[in-house]
Amino acid sequence: MGVFFLHAIYVKIVTMGRASRKKKLNRTSLQNYNSESVKPYYSDLLHIKDFKDVISFIKTHAGFLFILVLISVFIYGKSLYGEFVSDDIPVIVRNPEVYDFFLALKTFQFYTILRSLTYLIFGMYPFGFHLTSFLLHLVNIVLVLVVVSVLFGKRIAFYSSVLFTVHPVIVEPVVWISALFYLFLAAIFFISVLSLYLYRNTMRSFYLYLIYGLFASFFIFTRWAWSLTFVPMLLIVDQFFLSTKLSLSRLKDFVPLIFMSLVFLLPLYGATSSRVAELQSIQKGERSNYILTSAYTAANQVMLYVYPNTLTLYREGNALTNLELSIIYTLVVLEVICIVWLYVSKPWKHPNLLTKWQYLGLVLFALVSILPAFSPIQVAWFIAERYLYLTVIAYSVILVSVFLYYESMTNIKNYTLILVILLSVCWGVRSHVRANDWITRKSFWLATARVVPRSPRVHNNLGDVYALEKDYTKAIEAFSYAIYLNPDYAEALHNLGFTYLQVGDYANAKYMFNLSLERNPNLYQSLLKLAVISSLENDYVLANSYVDRARVFAPTDPQIDAVLKLIEQHKHRSK
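Residues numbered from 1 in each chain as written. Predicted model: local features only at pLDDT ≥ 70, side-chain atom pairs only at ≥ 80, totals over all residues. Heavy atoms only, no water.

A. Geometry of the overall build of the protein chain. In terms of helices and strands, the protein chain carries 27 helices and zero strands. Residue burial in the protein chain is summarised as follows: out of 575 residues, 54% are buried. Taking contacts inside the protein chain between residues at least 6 apart in sequence as the whole, the part at least 24 apart equals 72%. Carbon and sulfur atoms make up 64% of the accessible area of the protein chain, which totals about 27200 Å². (Helix = DSSP H or I, 4+ residues; strand = E, 2+ residues; numbered from the N terminus. Buried < 20%, exposed > 50% of the residue type's maximum accessible area, 1.4 Å probe, protein only. Contact = heavy atoms within 4.5 Å. Areas by Shrake-Rupley, 256 points an atom, 1.4 Å probe, with all protein chains shown as cover.)

B. Seen up close, unusual backbone geometry. One non-glycine residue with positive phi stands out, namely Phe-108, at about 60 degrees. Looking at where Phe-108 falls in the secondary structure, it is placed in the loop between helix 6 (101-107) and helix 7 (110-122). With relative accessibility at 43%, the residue Phe-108 sits in the partly exposed group. Of note, the phi angle at Asn-411 is positive, near 60 degrees, even though the residue is not glycine. The residue Asn-411 is located in the loop between helix 18 (392-410) and helix 19 (415-437) in this model. You can call Asn-411 exposed: its relative accessible area is 65%.

C. Layout of the side chain of Arg-250. Structurally, Arg-250 can be placed in the loop between helix 13 (230-241) and helix 14 (255-283). Judged by relative accessible area, Arg-250 falls into the buried class, the value being 18%. Among residues more than four places away in sequence, those in contact with Arg-250 are Arg-200, Asp-238, Gln-239, Leu-242 and Ser-243.

D. Local environment of empty space enclosed by the protein. Under the counting rule described, the total for this entry stands at four cavities of 30 Å³ or more. Forming the walls of the largest cavity are 15 residues, and the residues nearest its centre are Val-147, Leu-151, Phe-241, Phe-365 and Ile-393. Of all the secondary structure elements, the ones that give two or more residues to the lining of the largest cavity are helix 8 (126-152), helix 11 (180-202), helix 13, helix 17 (356-368) and helix 18. For the lining of the largest cavity, the class distribution of residues is 15 nonpolar, no polar and no charged. Here the second largest cavity is characterised by a volume of approximately 70 Å³. (1 Å grid on protein atoms, 1.4 Å probe; cavity = no way out; pocket = protein on both sides within 12 Å on 5 of 7 lines; lining within 4 Å. Points joined across faces, edges and corners; volume = space filled by probe spheres on them. Nonpolar A, V, L, I, M, F, W, Y, C, P; charged D, E, K, R; others polar.)

E. Highlighting the packing of helix 20 (residues 441-451) against helix 21 (residues 456-468). With their axes 9 Å apart at the nearest point, helix 20 and helix 21 run at an angle of 150 degrees to one another. Considering the angle they form, helix 20 stands roughly antiparallel to helix 21. Considering the relative orientation of helix 20 and helix 21, their crossing is left-handed. Between helix 20, through Arg-441, Lys-442, Trp-445, Leu-446, Thr-448 and Ala-449, and helix 21, the contact on the second element is made entirely by Val-458, Asn-461, Leu-462, Asp-464, Val-465, Tyr-466 and Leu-468. Here the contact of helix 20 with helix 21 is composed, by residue class, of eight nonpolar, two polar and three charged. (Axes fitted to C-alpha atoms, helices over the stretch in contact; angles between N-to-C directions. Parallel < 35°, antiparallel > 145°, perpendicular 65-115°, else oblique. Left-handed = near helix turned anticlockwise from the far one by under 90°.)

F. Spotlight on the packing of aromatic side chains. Inspection of the entire model under this criterion finds 39 aromatic pairs. When the ring of Tyr-111 is compared with that of Phe-184, the centres are 6.3 Å apart and the planes differ by 85 degrees; the resulting orientation is edge-to-face. Within this pair, whereas Tyr-111 is found in helix 7, its partner Phe-184 is found in helix 11, the two being separated by 73 residues in sequence. Across this residue pair, the class does not change: Tyr-111 and Phe-184 are buried. (Phe/Tyr/Trp six-rings, centres within 6.5 Å; stacked < 30°, edge-to-face > 60°.)

G. Layout of the nonpolar core. By size, the foremost hydrophobic cluster in this structure holds 174 residues, and its most contacted members are Tyr-76, Leu-151, Phe-152, Phe-189, Leu-234, Leu-257 and Tyr-387. Looking at this core, the element that brings in the most residues is helix 11, giving 17 residues. The contacts of Leu-151, once residues within four sequence positions are left out, are Leu-45, Val-193, Val-237, Phe-241, Leu-242 and Gln-358. Counting residues in hydrophobic clusters, the runner-up holds seven residues, among them Phe-84, Ile-92, Val-98 and Phe-129. (Core = buried A, V, L, I, M, F, W, Y, C linked by side-chain atoms within 4.5 Å.)

H. Structural detail: the packing of helix 9 (residues 154-166) against helix 18. Across the interface, helix 9 lies against helix 18 with an axial gap of 9 Å and an inter-helix angle of 125 degrees. Judged by the inter-axis angle, helix 9 sits oblique to helix 18. Seen from above, helix 9 lies across helix 18 with right-handed handedness. Facing helix 9, whose interface residues are Arg-155, Ile-156, Tyr-159, Ser-160, Leu-163 and Phe-164, helix 18 presents Val-392, Ile-393, Ser-396, Val-397, Leu-399, Val-400, Ser-401, Leu-404 and Glu-407. For the contact of helix 9 with helix 18, the per-class residue count stands at ten nonpolar, three polar and two charged.

Below, the structure is given as structure tokens:
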């Protein structure tokens, strides 16, 4: 069925390409081409004058887009009924702002407001939150088709949008509710690209002001470090895809955006500093070897594009072998050589290739999109699949353009179509399997443990799953292994102590809680659990002292009142 669908797509693309070429040949001579057999695929650029033309284009190709929707349903349909996983629980399930819409409005944060609105419509069921992410992803698929058609032509756009739809790297931001930000960033960016294209072609200030408004609103309502990638990415689009060379005169239009970015850095500092502190507690924060970590980021980006087999939320725990280090440095050297060569080499005039300027722009665009991961001060993980959501399309465009080039050189009929079908089947199946990993917390953490078996965080989270199932034996094993991998892991020590408390082993519970406080004195939850144990042992003075110490760190936490009430109940029963 999929083969027939893609063949129909191919016929449609070829038909459009022929029609476009006929019009072009009626207007221009063949002197720019080597022979009549040369068929430039970039001549089918989509020309739009306003957003009405975008709507018209979408309606014209509604059948093709419907096929992409069906493919997406195959990949993500079952995962729409998945559970809350990982950060979804503290950010959504345990977030009081989500349950109170007016309280959510006061936060002035888009995601909190959207989640609260989703809760009002669907209740605290994961389906509604998954559906929101999935629908936004479908919007992005449509925008990808339009944007690539405008920048590189409809033939490249049709094939690229298929590869974007099935690429396994984009599964994480689509399925993980907490990664909605990356979908939203992509949507705002694609709309801004269309606005920039319309501004350059019509010189109507409305489109430029629309970009300013989108960026300002986006930053104000999100206050997220990754928003700072917006301006340099848009600048690359303007200089490399909407122009044939660097044009300093165009930079004046970006001055307001650059100014807003600098202004927004001030309120962003507080949020970023807390993020840095979090990463320091998990990954030691500092980049002891900046060259190695930057090379690791760049190389893994390429590997995830080319061979997206090893997919995981965390990439930690396993020491790099000499072979892996060699591969990493080799990929980075090749990437640098590619960038330098594209910049210094003479322009080529082969009609079945994108220009060297466009290829250079695509490579730089992919790197700039993950700029926070290269920060000297670690404000993001070294690499994560969700970071690549937006730039999978850059890789797809490069891949399709190379396929089309070799198709013209080898004269193999349907060469590109066959390769796209093969990749789509392989990637689509892998994406479907990966999406299903996220359906339950247990299936997700078990799948993650298979990929990164030496990650302390993975085994700590797996212990949480077993504890919820009341399988305390496996929970103790998982927490213990997390502590074995990282003896300073305060959260795992606390969780192991809580598990001992649940099975009535107070001695080991107190030992673990005290160890967790040694590693992290701010972990007031351990103080509260020690207060509970002291009350069970009828030492109410010590129990209240633990509560008083906990109150210093979290004076408004409702758990404190609950523990005090529990102490009073124990005291009453002992009388």
